[in-house]
Amino acid sequence: EGILEYVMRRSVSIYPLYAFSLLPAVVMAKFADKVPSISVLVAQSFLVQAWCPSWTEHALQSHCWFLSAMVVYWLLFKPLARCLQNLTLLTTVFCMLCLFFLPWLVVLVPALADQPVLWYKGHSWGETGSWLDLAVVFLKFHPACYLHVFVLGMLLAKLRLLLDAKAKASAHPGTFCLPMEFLAPLGYLGLGLVFSLPSLKPLAYKLSARLSVLLPLQAAVLLGLAGLPSMPISRVADLASRFNFLENYSYAVYVFQFICYSLWPATGEVILPLFLVFCVSIAVIMAILVQKHVQNWWGKHPRARIGVPFVLSALLVGVALLPNFEQNPDLPASVQYDARFMDVRVQIADVEGSSEMGRLMNPSFAVQNDQVVIVARRHLMDESRHNGWYNGSAAVVVDQTWHSQILMGSAPLDMEAWNRWPAGGAAPFSAELTPWYWLVNEDRHHWSHLCVQETYDETNNTLLRHVVTGPEDAKIFTYQGNTTVAFSSLPPLGEEGCAAGEQVTQMYIASDVHIEGTADDVGHRLECGETDIPEKNWIPFVHGDELHFIYQPVPHDVVMAHPDGSCKQAYSTNFAPLLRLKRTYPKLVIRGSGQAIFISDTEATPSLPKPHYLAMMHMKENEKSETYAHFAYRFSANPPFNILQVSSQLPLLTAAPMEKAGAAFAFVSGLSVVNRTVAISYGAGDRDSRALVMTLDRLDEFFDMNASGISASLSSI
């Protein structure tokens, strides 16, 4: 048979059940709004998802990536077999030693280049925005990176035949039996020690072990179990053969394990014995009811099976193109409070097409002439547990990963619709946002490899790692005619890593931002913050030609800043009602939100008929609280920028988080005022981008001051 016929014959063992599994997988992804792009769906229908690094980690059933590599190896099998058929015993052993050495290049090359051997840790699952991300995905999944394993398997078979010929020609063939008896037990012992003793852990083990630095031990196991053709199998192999019946179900377990995990009632809280029973039960059902029948059909219809990948592609793409299920059905698209006041979902969308990488939240926008420029945060949280090490001792490692990215875009603004917006008019803009992949740090490296916060709990021997993959909540505004973005982020990893105690959130600024990504944007740390305590929620505003940030509302500290990140404290004042509130509730946390906007409209602000700045603040019961109360406040139009008034609480819609148990919350992220229309943008929970829209005079009614200059609702907290 030819090469293609050979590949199609071999494919009966993997493709039919894999193709069937994609059907429930795509339906489940559709319900979760996590369907991959059309290119990924088509690629994995033809089993080529591992060939392109930008596809692999986004594919349905992504753990089945190695099936994509198997097709390549089957194509190469016959040519490789011809190359290896005449090898001598010495040449075979030499080639095997070379392949044993090959995976160690992933350790040696960085070391010789004076680079950290753990360089790959800068990558997070699904990220492809930098060369490092692409390199890690390539090494983890590409068929070229595992060809040496396949070739070693062929060499191992060749070695077995050559050793068998030696045994037959030997005067004492029985002398070959004893080594074969011990090969598999010694291989298993070596693997057990490597996985049990920290001192034997390979360097860069998460990548090097994946690329098979343990090949010698694995080869010993395989050769010991296979034995020599002319001799009895070893006792270990004989014992293992009693479980051969499991081979009828093992592939179904492999294919359906993550579908089972998704169907498990409490994902993330798996009781392992029960889950294994559930997973094996599903696998047995699939093997009996599906696998046997689809494999039989595949084997009997050599012509028809050629069309299966095309039909599968059409089915997957068809499901992907169906209208999405309504996101956040528990939250209304809009709420009309009165003729001048409404709450509405902001019309923004991720240009990458689905929420596979997370939901959009915490939007911020600014109006520039007849355009609106928008930023929002894309967020997804996952948690994984695995065995690892802490200070040389075994520990349970919990990785809590926040997949975070800032997206941005622009759209034409319908000014008439903007003016009618508070009365329930149509949305004045609709925009598609693109990930800010062109944001770089001062070293001109992509903004994705950040410091990791680690906390060790001695009571249960657990290391909690808080991993954030990119920048967080952004505020967009105009400074000196240029689009400027302030954002918070964990510090980017430097060449020497992160200094002890400085793995905390900091504030950054990027000026002259290129919304369309035509050039790199450089983020600079705002230097007047502390490096060993979290810095966030600074409020940017422009006074004359000078850029300022409100560092905190109590006391009302104002710093003067520059686009290069340099800054200094300029003013500090106190607002007596807030001071009294803090004295009464010392654990109360008061921080800023969004931007500050200059207001000079005495007719629309009768409760403060003079020029002033409008800003937002939020309060929470204590540092650990995850619910917020939001207030507007006004401060003077000139230095020292002292607070003048605080509003009553704003009625934001709250939502429970999707990814963990917790109370419903909302968080203000932006403020825009144009033509007496006020838009207070916010995120409901971690999943919905919304805006509180009202007229300026309607907002003024929230400043129903008592004699002390503070709203009655605030004084009653």
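Residues numbered from 1 in each chain as written. Predicted model: local features only at pLDDT ≥ 70, side-chain atom pairs only at ≥ 80, totals over all residues. Heavy atoms only, no water.

Participant: Could you clarify how one ought to interpret empty space enclosed by the protein in this entry?
Facilitator: Unoccupied space between atoms shows up once a probe the size of one water molecule is rolled over them. Counting across every chain of the model gives one cavity of 30 Å³ or more. Of the voids in this model, the largest cavity is the one considered here, and its volume is about 50 Å³. Those elements that provide at least two residues to the lining of the largest cavity are β11 (474-479) and β24 (666-674). It is β24 that provides the largest number of residues to the lining of the largest cavity, a total of three residues. Of the residues contributing to the lining of the largest cavity, the split by class is three nonpolar, four polar and two charged. (1 Å grid on protein atoms, 1.4 Å probe; cavity = no way out; pocket = protein on both sides within 12 Å on 5 of 7 lines; lining within 4 Å. Points joined across faces, edges and corners; volume = space filled by probe spheres on them. Helix = DSSP H or I, 4+ residues; strand = E, 2+ residues; numbered from the N terminus. Nonpolar A, V, L, I, M, F, W, Y, C, P; charged D, E, K, R; others polar.)

Participant: Help me understand the sheet that holds β11, please; the structure alone is not making it clear to me.
Facilitator: In any sheet, the strands associate via hydrogen bonds between backbone groups, in a parallel or an antiparallel arrangement. Pairing is antiparallel across the open sheet formed by four strands, whose spatial order is β11-β12-β13-β15. Since the sheet does not close on itself, it has two edges, and those belong to β11 and β15 (524-525), each with one partner. Across two bridges, the pairing between strand β13 (residues 506-510) and β15 is antiparallel. Counterpart to I509 in the pairing with β15 is H524. (Pairing = 2+ DSSP bridges.)

Participant: It is not clear to me how the environment of K587 should be interpreted in this structure. Could you clarify?
Facilitator: If you trace the backbone, K587 turns up in the loop between α18 (576-584) and β20 (589-599). Since its relative accessible area comes to 65%, K587 is described here as exposed. Expressed as a C-alpha distance, the spacing of K587 and N622, which sit 35 residues apart in the sequence, is 5.2 Å. In contact with K587, other than residues within four places in its own chain, are K620, E621 and N622. (Buried < 20%, exposed > 50% of the residue type's maximum accessible area, 1.4 Å probe, protein only. Contact = heavy atoms within 4.5 Å.)

Participant: Would you mind going over the nonpolar core with me for this structure?
Facilitator: A general tendency of soluble globular proteins is for nonpolar side chains to be buried together. If you look at the biggest cluster of nonpolar residues, it comprises 70 residues, and the most contacted ones within it are I14, Y15 and Y18. When near neighbours in sequence (up to four residues on either side) are disregarded, I14 contacts L47, L67, M70, W74 and Y251. In this structure, A604, M616, L652 and I680 belong to the second largest nonpolar core, which totals 25 residues. (Core = buried A, V, L, I, M, F, W, Y, C linked by side-chain atoms within 4.5 Å.)

Participant: When you look at helix α3 (residues 38-45) in this model, what are you seeing that I'm missing?
Facilitator: Buried residues of α3: V40, L41, A43, Q44 and S45, and no others. If you follow the buried residues of α3, they end up packed against α2 (15-31), α4 (53-56) and α16 (308-321). In the stretch just after α3, L47 is the one whose phi turns positive, near 55 degrees.

Participant: How should I be thinking about the state of the cysteines in this particular structure?
Facilitator: Linking two cysteines covalently through their sulfur atoms gives a disulfide. Taken as a whole and assessed by the stated rule, the structure comprises two disulfides. A sulfur-sulfur separation of 1.4 Å characterises the disulfide bridge that pairs C451 with C498. Looking along the S-S bond of the C451-C498 disulfide, the torsion reads about -80 degrees, which is the left-handed sense. Highlighted residues: C451 in the loop between β8 (439-440) and β9 (453-457) and C498 in the loop between β12 (482-489) and β13, separated in sequence by 47 residues. Exposure remark for C451: the relative accessible area of 1% places this residue in the buried category. Each sulfur in the disulfide pair C528 and C567 lies 2.1 Å from the other. Here the S-S torsion is close to -110 degrees, and the disulfide linking C528 with C567 is therefore left-handed. (Disulfide = S-S within 2.5 Å.)

All quantities given are derived from atomic positions and should not be read as evidence of function.
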